[in-house]
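# Notes for the structure review
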Amino acid sequence: MVDIVTLIKEKARKHLKRILLVEGEDDRIIEAASKAVSEKLAKPVLLGDERIIKNIAKDKQISLVGIEILDYKKLDDLNSKYAKQLYELRKDKGMTLEQAISHANDPLWYATMMVKFGEADGFLRSYCNTIYTPDGGFHETGLRAALAKGLKAYAELKGDRKA
């Protein structure tokens, strides 16, 4: 009998997807991206500062072959495009252009926008982290909180009135 992990890997190999890795500057994420390439499971894209990512990979002797690095904070045209699109999607719910610009510079929102507009197939945020609400108040930590924020961002983009 074939286990579920083997089945998932086989399916992933047949349909390689472009997956954004939100914490691209973390050595564990860089290593996971390298493993995904070597096992032909995905086309990983590390979000983060290219210089930092390359330095970490060099220090940890992690191969970056086959891994795209997207230094999204340096892509002013794309950030501006996403901010304008996010504003248009959310202005009826009270989002200002300034808030949209701020969100477009957050890696989780950035990844959500890339998926929304078909520029990536999906994104992952993996480990424990502090999650702040858009107004800078309440925060949680952990994978559950990260998933909740990602789902909320996606629901807001889809126009779900409960988000």
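How each quantity is defined
- Residues numbered from 1 in each chain as written.
- Predicted model: local features only at pLDDT ≥ 70, side-chain atom pairs only at ≥ 80, totals over all residues.
- Heavy atoms only, no water.
- Helix = DSSP H or I, 4+ residues; strand = E, 2+ residues; numbered from the N terminus.
- Buried < 20%, exposed > 50% of the residue type's maximum accessible area, 1.4 Å probe, protein only.
- Areas by Shrake-Rupley, 256 points an atom, 1.4 Å probe, with all protein chains shown as cover.
- Salt bridge = Lys/Arg side-chain N within 4 Å of Asp/Glu carboxyl O.
- Patch = residues over 30% accessible without salt bridge, like charges linked within 9 Å, V, L, I, M, F, W, Y side chains within 5 Å.
- Pairing = 2+ DSSP bridges.
- Right-handed = clockwise from strand over helix to strand, strands pointing away.
- pLDDT = per-residue confidence, 0-100.
- Contact = heavy atoms within 4.5 Å.
- Core = buried A, V, L, I, M, F, W, Y, C linked by side-chain atoms within 4.5 Å.

## Points about the overall build of the protein
Secondary structure assignment for the protein yields seven helices and six strands. Mapped in sequence order, the helices and strands of the protein form the string α-β-α-β-α-β-α-α-α-β-β-β-α. Within the protein, the fraction of its 163 residues that count as buried is 36%. Total accessible area on the protein is roughly 10200 Å²; 54% of this is exposed by carbon and sulfur atoms.

## Regarding unusual backbone geometry
A positive phi angle, near 55°, is found at lysine 40, a position not held by glycine. Tracing the backbone shows lysine 40 in the loop between α2 (27-38) and β2 (43-47). Of the residues examined, lysine 40 reaches a relative accessible area of 57% and is grouped as exposed. The backbone of glutamine 61 sits at a positive phi, close to 55°, despite the residue not being glycine. Structurally, glutamine 61 can be placed in the loop between α3 (50-60) and β3 (68-70).

## Comments concerning the pattern of salt bridges
As a working rule, side chains carrying opposite charge can pair if their charged atoms are close by. All chains considered together, the criterion is met by ten salt bridges. One salt bridge in this structure joins arginine 28 and aspartate 26, with 3.0 Å as the shortest N-O distance. Residue arginine 28 is classed as partly exposed on the basis of its relative accessible area, which comes to 48%. Owing to a relative accessible area of 13%, aspartate 26 belongs among the buried residues under this scheme. Beyond isolated ion pairs, a larger network of salt bridges with shared partners links Lys9, Lys35 and Glu39.

## A short note on a nonpolar patch on the surface
A cluster of nonpolar side chains, Val2, Ile4, Val5, Leu7 and Ile8, forms an exposed patch at the surface whose accessible area comes to about 460 Å². Turning to its location among the elements, isoleucine 4 is positioned in helix α1 (residues 4-14). Judged by its relative accessible area of 57%, isoleucine 4 is exposed.

## Thoughts on the pairing of β2
With respect to burial, β2 is a largely interior element, four of its five residues being buried. Looking at chain direction, strand β1 (residues 18-21) and β2 are connected through four bridges and run parallel. Counted as the bridge partner of leucine 21 is leucine 46 from β2. Inspection of the sheet shows β2 paired to β3 by three bridges, in the parallel sense. Counted as the bridge partner of valine 45 is glutamate 68 from β3. Handedness of the β-α-β unit built from β2, α3 and β3 comes out right-handed.

## Details of the pairing of β1
Remark: the β1/α2/β2 crossover connection has right-handed handedness. Of the pairings in the sheet, the one linking β1 to strand β4 (residues 122-124) comprises three bridges and is parallel in character. Counted as the bridge partner of leucine 21 is leucine 124 from β4.

## Quick notes on the confidence of the model for the protein
A residue-level look at the protein finds 74% of positions with pLDDT of 70 or above and a mean pLDDT of 80. Here residues 128-141 scores under 50 on pLDDT; set against residues more than four positions off or in separate chains, the count is 24 contacts.

## Observations concerning the nonpolar core
Considering soluble globular proteins, one finds that nonpolar side chains tend to be buried as a cluster. Grouped together as the largest cluster of nonpolar side chains are 19 residues, with contacts concentrated most on Leu20, Leu47, Leu70, Tyr82, Leu86, Tyr110 and Met114. When contributions to this core are tallied by element, the ones reaching two or more residues are β2, α4 (76-90), α5 (97-104) and α6 (107-116). Ile19, Ile29, Ala33 and Ile69 belong to the second-largest nonpolar core, a separate cluster that totals 13 residues.

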